[in-house]
Amino acid sequence: MKERHAREQKRIAAIVAGTASLLLAGAVLWLLHAPPRATAAIGGPFRLPASNGQIIDSRSFPGRFRLLYFGYTHCQDICPTTLDALAGALKLLGHDADRVQPLFVTVDPGRDTPMVLQTYLAKFSPQLVGLTGTPQQIAAIERAFHVTSIVHGTATGYDIDHSAVLYLMSPDGRFVAPIRAGTTAAAMAATLARYLS
Amino acid sequence: MPDAPILPRTTSGRLPACQSCIPRRRRCAVTVLAALALGSSLILPRAGRADPPVTVLNSWFRYIIPQVPAGGYMTLKNTSSQPMVLTGASSAACGMLTLHRTETSGGVDRMVPVAAVTVPAHGTFRFVEGGYHMMCMNPVMHIGQTVTVTLTFADGSRVPAPFVVYGVSGPSGSAPNGAATGTKMKMPM
């Protein structure tokens, strides 16, 4: 009787140990193969008024990559330099440019109305679409994309520090690659071509 | 102010042919133009002073739309053996015109106001995209135009400089970040 009980206990212990090691192995495998959290967490749903008079959301432009740049029209140096390079990159990409929708998201919704964005962006490329919204909506999309924007007053009004990066998102809304702002049209086109063609 | 020598005499009668061929109105216009030419030759470039040792090269504005500031870029060349300190700029085409620098740190671009910029002795200082630049707050200009910017230096000298107005692509097409401006001239769009 006692002997049988001991055998039973051994068997239970073996099953528990086996299950535990399987679970542990599974966890290790999952950790190794799961996508890094940092990339998985960039981006998210949004729904904002656009420069083309429409409402654009994260599902607009189905089947296309999206390239988001956060900036503002009163930024007189790095934003137009970057937008000009972006327009140049789209030209260099030729037909591949049709596979990506560039979006300029303002960090200055107070001054950048859909109308201002429309006249401003048209000077760079007809492909560019600008997004604006209420300060709350802009704060939400900035959070989703981990964008830093800090307003500080100046003698002439205010400037806004903002993230120096463009976000390439896949057609299904996953973050694909960052592109540095202020880079050349050729460098931007080369990065984009790796993913679009 | 003495009469310019080219003016036809109106009273002496020594130039009867001229008097008869130039109508009175036109003579008046000629007088005004001559006076202006004489006046500007006295007042305009560096009246009475030594030439300022700073020359301004490749100077241009990126003009987008009137509602947003235009960025100004240039190369300053100091031909003297003393450093020259740029302390400000002004232009009738800008409203307020200020010196700035784009600074990138920790993945964030920020615009930093700049109080002064030192052009080293026998050296150059470049205002380029993504770096030092001028902010033309309320641009009143059009593409293809040349507007005058007056640079003020710490020693009190004032240097007027012509700035060419370009569209979004600037003088060199899709200019790379900080690349030499004005190397590949292109007609403004």
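See the structure shown above.
Here is a short report on the structure shown in this document.

Basis of the calculations
- Residues numbered from 1 in each chain as written.
- Chains lettered and ligands numbered in written order.
- Predicted model: local features only at pLDDT ≥ 70, side-chain atom pairs only at ≥ 80, totals over all residues.
- Heavy atoms only, no water.
- Buried < 20%, exposed > 50% of the residue type's maximum accessible area, 1.4 Å probe, protein only.
- Helix = DSSP H or I, 4+ residues; strand = E, 2+ residues; numbered from the N terminus.
- Pairing = 2+ DSSP bridges.
- Right-handed = clockwise from strand over helix to strand, strands pointing away.
- Contact = heavy atoms within 4.5 Å.
- Buried area = accessible area lost by both parts, 1.4 Å probe.
- Salt bridge = Lys/Arg side-chain N within 4 Å of Asp/Glu carboxyl O.
- Polar contact = N/O pair within 3.5 Å; in protein donor to acceptor, adjacent residues only side chain to side chain.

**Observations regarding the pairing of strand 4 (residues 100-106) of chain A**
Put simply, side chains in a regular strand alternate between the two faces of the sheet. Residues and elements named next belong to chain A. Summarising burial for strand 4: seven of the seven residues are buried, a large majority. What you see with strand 4 is no split at all: V100, P102, F104 and T106 on one side and Q101, L103 and V105 on the other are buried throughout. Alignment of strand 3 (residues 65-71) against strand 4, held across seven bridges, turns out to be parallel. The residue bridging Y69 from the neighbouring strand is F104, located in strand 4. For the handedness criterion, the β-α-β arrangement of strand 3, helix 3 (residues 78-93) and strand 4 is classed as right-handed. Where strand 4 and strand 5 (residues 129-131) come together, three bridges link them in parallel fashion. Each residue of the ladder has a partner; that of V105, found in strand 5, is L131.

**Quick notes on the interface of chain A and chain B**
Taken together, the contact pairs 30 residues of chain A with 33 residues of chain B. For the chain A and chain B pair, buried surface summed over both sides reaches about 2600 Å², with 59% attributable to carbon and sulfur atoms. Of all residues in chain A, Q76, D77 and T156 of chain A bury the most surface against chain B, accounting for 26% of the area lost on that side. Taken together, chain A and chain B are joined by one salt bridge. The residue R110 of chain B makes a salt bridge to D161 of chain A at a minimum N-O spacing of 3.1 Å. Where chain A packs against chain B, one counts eleven residue pairs in polar contact (both at pLDDT 80 or more). Broken down by secondary-structure element, the contributors of at least two residues to the side of chain A that touches chain B are helix 3, helix 4 (114-122) and strand 7 (157-163) of chain A. As defined by bridge partners, strand 7 of chain A adjoins strand 5 (residues 108-113) of chain B across two bridges and the pair is classed as antiparallel. For H162 of chain A, the partnering residue across the bridge sits in strand 5 of chain B and is D109 of chain B.

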